[in-house]
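Now for the letters of each chain:
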Amino acid sequence: MTSALYVLSENLESLICKNIKALPSIEYPVQQFQKVYQSNQSPVIHYENIMTFVHIRRDSLIFLAVVDRLDSFLMEILTYLDQFYELLKSYLDVKTLNRRLLLDNCTLVMELIDESLDYGVIQVTDSGIMRDYIRIKVNVPELSTNGEGNSDNIEVCSCSSSSSESESGNEPGKPKQKKKHKHKHKHRHKHDTKKKTVQDTKKDIEDLTKNVVGTLSSDPLTLIDKNRKKKSKNDIEDMIEEEDANNFMNSDIAKTTIMAVSWRTKGIHYAKNEFFLDVIEKVEYLMDFTSNVIRKNSIHGEIVCKSFLSGMPTLKVSINKILDQDKQFLTNCKFHQCVPTEDIEKAKEIEFIPPDGPFVLCKYDLKRHVRDEPMVKLTSFEIKPKFKKFKLKMYITIETHFKTTNSTSQLNLKIPIKHILHDYTIDLSKNIKFKCDEGRILFNVSDDFLLWEIDSMKGGHGENKLSMGVEFALFNKAEYAREQEELKNSMNPPPLRQGPKLEELYRQVHEHDPEGHTNDLIMAPAPPPVIDQPVTKLEDKDRLLKLSFEIPYLTASGLKIEYLKIEEPQLEYQSFPWVRYKIVSDPEYTYLIY
Amino acid sequence: MSDQRVFSRYKASEIRADLQNVELKKAKMNTLRRKAALKKIIANLTLGNYAEMIQLFPDILKFWKVEDDMEVKRICHEYTRTIGSIKPRSTVESMPNIMEDLKSHDEDLQIMALETLVNIPFTKFTEEAFNFIIGLVNRRSTSSRLLKTAIYSLLQLDDWDHERVMSLSNILYEIVEQHLESPSVQIAALKTLYTLHDKNKKLEPFSLSVDIAYNLLDIIPELNEWDTSSLLECLVVTVVPTTHSDAYEMINIALSQLQHVNTSVSLNALKFILYLINYVDEIDVSITERLSNSVVALLEKPSELQFLILRNIILLLLTREKPIIQVDVSYFFIEFNDPIYIKDTKLECLYLLANESTLPRILEELEQYSTDIDIQMSRKAVRAIGNLAVKLGDIAADNCVDTLLHLAEFGVDYVVQEIISVFKNILRKYPNRYRKELILFTKYMDCIQEPESKNAMIWIVSNYSEILHNYAELFDIFIADITDEPPEVQFSILNASVKLFVKSPSPHIENICMTLFKTFTEEVNNPDLRGRAFMYWKLLSMAKERPNLLNEDMLKDIVDGELPVIELNSKLDPVILEELELNIGSITSIYLKPTVQIFRQNKIKSLPQSPVLNANKNSLIITHSKQVVSDPIKRDSNHTSSSSLKDVPSTKGSRISTMGDYDRPAQKVNELKGKRKSSSDSPVKNLTRKPSLLIRKLSLKRNK
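Residues numbered from 1 in each chain as written. Chains lettered and ligands numbered in written order. Predicted model: local features only at pLDDT ≥ 70, side-chain atom pairs only at ≥ 80, totals over all residues.

Colleague: Any details on the overall build of chain A? Residues and values, ideally.
Modeller: The secondary structure content of chain A amounts to 15 helices and 23 strands. A total of 594 residues make up chain A; the buried ones form 35% of that total. For chain A, the proportion of contacts with a sequence separation of at least 24, taken over those separated by at least 6, is 71%. (Helix = DSSP H or I, 4+ residues; strand = E, 2+ residues; numbered from the N terminus. Buried ≥ 20, exposed ≤ 12 C-beta atoms within 10 Å, placed from the backbone. Contact = placed C-beta atoms within 7 Å.)

Colleague: Let's hear about the overall build of chain B: which residues, and what values?
Modeller: For chain B, the count of helices and strands is 35 helices and 2 strands. Relative to its 704 residues, chain B shows a buried fraction of 42%. Here the contacts in chain B between residues at least 6 apart in sequence split such that 71% fall between residues at least 24 apart.

Colleague: Explain the packing of helix α28 (residues 507–523) of chain B against helix α29 (residues 527–545) of chain B residue by residue, including any values.
Modeller: Residue and element names in this part refer to chain B. Contact geometry for α28 and α29: axes closest at 8 Å, N-to-C directions at 140°. In this view, α28 runs oblique relative to α29, as classed from their interaxial angle. Considering the relative orientation of α28 and α29, their crossing is left-handed. Counting all contacts with α28, which are made through Phe517, Phe520 and Thr521, the residues of α29 involved are Leu529, Arg530, Ala533, Phe534 and Trp537. Considered class by class, the residues forming the contact of α28 with α29 number 6 nonpolar, 1 polar and 1 charged. (Axes fitted to C-alpha atoms, helices over the stretch in contact; angles between N-to-C directions. Parallel < 35°, antiparallel > 145°, perpendicular 65-115°, else oblique. Left-handed = near helix turned anticlockwise from the far one by under 90°. Nonpolar A, V, L, I, M, F, W, Y, C, P; charged D, E, K, R; others polar.)

Colleague: Give a detailed account of the environment of Lys73(B), specifying residues and quantitative values.
Modeller: Residues and elements named next belong to chain B. Here Lys73 lies in helix α6 (residues 70–86). Each C-alpha atom of the pair Lys73 and Ile60 lies 9.9 Å from the other, and the pair is 13 residues apart in sequence. The residues touching Lys73, leaving out its near neighbours within four places in the chain, are Glu67, Leu109 and Met112.

Colleague: If you had to explain the sheet that holds strand β3 (residues 44–47) of chain A to someone new, which residues and values would you point to?
Modeller: All names here are of chain A. In spatial order, the strands read β2-β1-β5-β4-β3; together these 5 strands make up an open sheet with antiparallel pairing. Edge positions in the sheet fall to β2 (14–19) and β3, since each of these pairs with one other strand and no more. Shown here is a sheet whose adjacent strand axes are inclined to one another by a mean of 20°, direction ignored. By the bridge criterion, 7 bridges tie strand β4 (residues 51–58) to strand β5 (residues 61–67) in an arrangement that is antiparallel. In the strand pairing of β5, His55 is matched with Leu64. Where helix α2 (residues 74–92) meets the sheet, its contacts fall on β1 (2–8), β3, β4 and β5, and the angle it forms with β4 comes to roughly 35°. (Pairing = 2+ DSSP bridges.)

Colleague: Which residues make up the confidence of the model for chain B, and what values go with them?
Modeller: Residues and elements named next belong to chain B. Looking at chain B as a whole, the pLDDT averages 75, with 82% of positions reaching at least 70. Residue range residues 626–695 is modelled with pLDDT below 50. Its contacts to residues more than four positions away, or to other chains, number 75 contacts. In this model residues 700–704 is a low-confidence stretch, pLDDT under 50, and it forms 4 contacts with partners more than four residues away in sequence or in other chains. (pLDDT = per-residue confidence, 0-100.)

Colleague: So what's going on with the sheet that holds strand β12 (residues 350–352) of chain A? Residues and values would help.
Modeller: Residues and elements named next belong to chain A. One open sheet holds the 3 strands; their spatial order is β12-β10-β22, and the pairing between them is antiparallel. Because the sheet does not close on itself, it has two edges, and the strands there are β12 and β22 (561–567). Recorded for the sheet is a direction-independent mean angle of 15° between the axes of neighbouring strands. As judged from the 6 bridges shared by strand β10 (residues 314–319) and β22, these two strands associate in the antiparallel manner. Each residue of the ladder has a partner; that of Leu315, found in β22, is Ile566.

Colleague: Residue-level account of the pairing of strand β8 (residues 273–288) of chain A, with values.
Modeller: All names here are of chain A. Here 15 bridges tie β8 to strand β23 (residues 575–592), and the two strands are oriented parallel to one another. Bridged to Val279 within β23 is Tyr581. Inspection of the sheet shows β8 paired to strand β9 (residues 293–308) by 15 bridges, in the antiparallel sense. Opposite Leu286, over in β9, you have Lys296 as the bridge partner. Adjacent in sequence and paired antiparallel, β8 and β9 are bridged by 4 residues, among which Asn292 carries a positive phi angle near 60°.

Colleague: I'd like to hear about the environment of Val445(A), residue by residue, with values.
Modeller: Residues and elements named next belong to chain A. Among the structural elements, Val445 can be located in the loop between β18 (440–444) and β19 (449–454). Using a count of 18 C-beta atoms within 10 Å as the deciding quantity, one classes Val445 as partly exposed. Between the C-alpha atom of Val445 and that of Leu505, which follows or precedes it by 60 residues, the distance is 7.4 Å. Leaving out residues up to four positions away in the same chain, Val445 has contacts with Leu502, Leu505, Tyr506 and Val509.

Colleague: Report on the packing of helix α18 (residues 303–319) of chain B against helix α31 (residues 574–582) of chain B, specifying residues and quantitative values.
Modeller: Residues and elements named next belong to chain B. Where α18 contacts α31, the two axes come as close as 10 Å, and the packing angle between them is 140°. By the angle between their directions, the pair α18 and α31 is classed as oblique. Judged by the twist between their axes, the crossing of α18 over α31 is left-handed. Of α31, the residues touching α18 (which contributes Leu315, Leu318 and Thr319) are Leu577, Leu580 and Glu581. Looking at the contact of α18 with α31 residue by residue, the class counts come to 4 nonpolar, 1 polar and 1 charged.

Here it is, written out as structure tokens:
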């Protein structure tokens, strides 16, 4: 079992440490870990027959558990670390964690560890339930500047604590929520209106910049107060409501973890009872275009739900795959702990009590047959150098393979051209010519790729095609020499050039490249061209043509929710179930070209 | 309260100033300031600034008394715990505060106080903790959450006072057996008992009756994910099914848990099922399918988890002659973005999975990896191809050698060197099969730089001098600057030259031998090398001077004796395998070593005896569901075997020693990494399924 838990930064400095089993020295293990650790090492390191290090790397952090005994079930610890990371993310409400964030919230993290582990035995890792236990304010960078405007902060604080005091009679000593940030408030409404959050964050950023300006000026407090005052009046009212909602703590909550239904607390109430069910299927496809071999063709499906239902509702969901006894689906799907897995194979529907808020109901991975056409297919990719004309042409054609009634809501092709730039001497001083049936083509100078943006493309079965062509100019040595010669001899100034000077941009961007791409290209006013190619390292990722797309209202596997019933025998409210389908391309929806 | 300032080293006096300075102003301000100061203390403890922080102890005590804010309390407890685990004695003064919290009516506070008591290794604290826990378990109507924490805290207290913890174990047994408390408390008791028994070598292994196990399995729907995982973990080995039907029943319950989204639960379920399979005589093919599928589904996890799963797959592939899981090789094909440890493990899996039917696909993959940009990877792939040639029969070896030759044509230095190194092994396995091919390698002499490939080439030249006509020339290349070579190359040159001389004594070789003897005895400063050179020298001169004592044949026998044919044996000792199988998901499964080799103190797990235990792992029959009921042939065999009933030994006792097939030495499995230790004395005997064992097993079933 875990005897100590650490969160380490990239350079193995300990950010958070928690001595779980009262080790005599909390530093010793981490010092030893620093000695044995090398990047890319397997997640389990056994050290000198004394202890075992189990670690995972997430973002720029390393989560390290020190295990004292040998026959501990390591899987449990690895899973815990993974889930703990997810927990932190959902708690701090960020996409990626970093060092700063953890240091800012060190007491919160400590408490999360405390609550999720009892003497090394894992208790809970579900963020929904944890939220009921631990209600420390989250310290997110944007908001930390609030600290400067103390007056504002305290005001908020005072109203919140008064409300909590009024309740403290009911449940003495429950962890009190002292401060509640607007941030949470926004989070609430995120589900409803995405746009609003965007606006809000914009506002926040504005605030932030104002704050920064404020702090720079001589009298920070007054300035900030000014820009706060307008907002604070309405805000505070909102906040008081929020506070109430958040400070209200059901006395049943504490017992949640030990109840039969451990993932849902009693006494949840919503004015409008809604249940969102999204079937999101990530399609993965990897094809070696040069040898015509399909490496991967699979679907990673997830049924993501958001539940805003009062009371203890029972849901009945019928999935056509279960009805049809689809073998592949039944054996490959994994359900959330709220779904009783005993009789899935026999039952026609799944019946469960959902947790509150967002959760993943089901995950499944399906293999597609090699012959099954990919949703969006690359049909041709050609590079035609025409040395006589000093031109290099590239043609790409794609076609769709899904229902004609649907269309993509987003479709991007990322075409790496590092190889072209590497293999041929391209003269970037001459314009690159693009042509495409639909959408537009962009050239990313710094990362060497073309981006073809097609927003919407209709479905079809191979008959719907789009193609594009690009023409690069190859370096013409004779012409270059002639021009140079002319420039030298004539009195005329060099001809004016319009548009961006790509070659210069390219050189600037690649100047700091350690591999020295600078010689790859011939720059017009550059020092004499160097024709011999330097040895540049072309990585695998430079050979992958990546497609990213989204197709709403469709599933690749044909999964369908036959019906979704919500029943709450006691409250019998009207409820609104929403079902959506979407196909998304996996980050590995790629074609290996070159 | 900017947070930048929280996380930096402070002097005690600075924080103290923070704590006290503000008392005159508004009350709200104070709480905020004080909290910030307290947070600074925790941050400083994380930074390891103990010496300074200990000085603040009196201030902390002061706050502890007055504050009733939960967060402040938490920090106070955290502070005491941290200081306490380092300097237990210094925290005695906080005792009254802790006791006060412990007696309060707030559950959270009580839990916190108990944790603090338990975490400080000092008798006074331990004493109080015990008193509290004893009071708690005797009082029936306590909150389950508190009780659960109390039970888990015994795990920690065991380190301080083992005897007293054991005196409480009866109560824990009661909780588990009598179903008195809420499900999660039962699991807490179970897990605590299990861990205690496991930790102490003196205690008997923990065991549960089948009925209790059923009761526990019944509460699974009421448990949260981690408790389910613990339960399944604890049941392995502790519950011993006494009839086949019990085992089947439990397998059925556990099967549904394979579909749990939590990896830990599904792997524990897998472990439990694999354990139970030892107690059934036949399983339906649908069960093995589900096992395989769940394993495949688990492979979609983040790479760290995937690593552990892969390691365990290796284990599953090893444990039975006919692996219980059937996983298509394509799942183990390497992705370019896999971390190195995954790549290595997948290579191992591929190596283990390879047989005649899968070889073509695997070879194709390996050939691709061999041309990988990553040098290490391509080396490993080449090595794997070579090992496959040795592992599988001669027809497969032909394919492997073809692939190797094809790869060599590219002429990449490190690939060629690696190929030569592995080719030596292939030659040792099939001494006469690849005579033609080895001539081809002589053209790559220039590439050879590394000691290992040099050694291999030297060995090849010296061993096959009869077909290599230009062996003397080749050999001259190696001895060009003999003094600069690393010791292992010097050794092999010495051996090889003597061998060549004995084989075909020509003046040229004799010359070489003499110069080598001279340089090694006079110029080189390596005593071992000098010793060996002297030894050979003496030997040769003795053979020359006194042929009656040492004739040419004897000399040949000494210098160029017959080498044993090498085998790559991927089998482990069955006892170890059994232990490993029971330790799925633990560290032993990663290193594939028995427990004793890694942690001395740990107990060895073994399958408990039961009348239905399978004596032979391989005797398990995988049936197709429809055939089970009416299979006339099987009935028949059952019938005929009844005559042999009397000579069925009881399965109790040393069941492994009765099996003749298994006395092969255990071998390292990780053949792909590092150096190969591939020589083995005994050639592989094909483990044929013994008909007598089959009969015995069948008759046993009937007997029941």
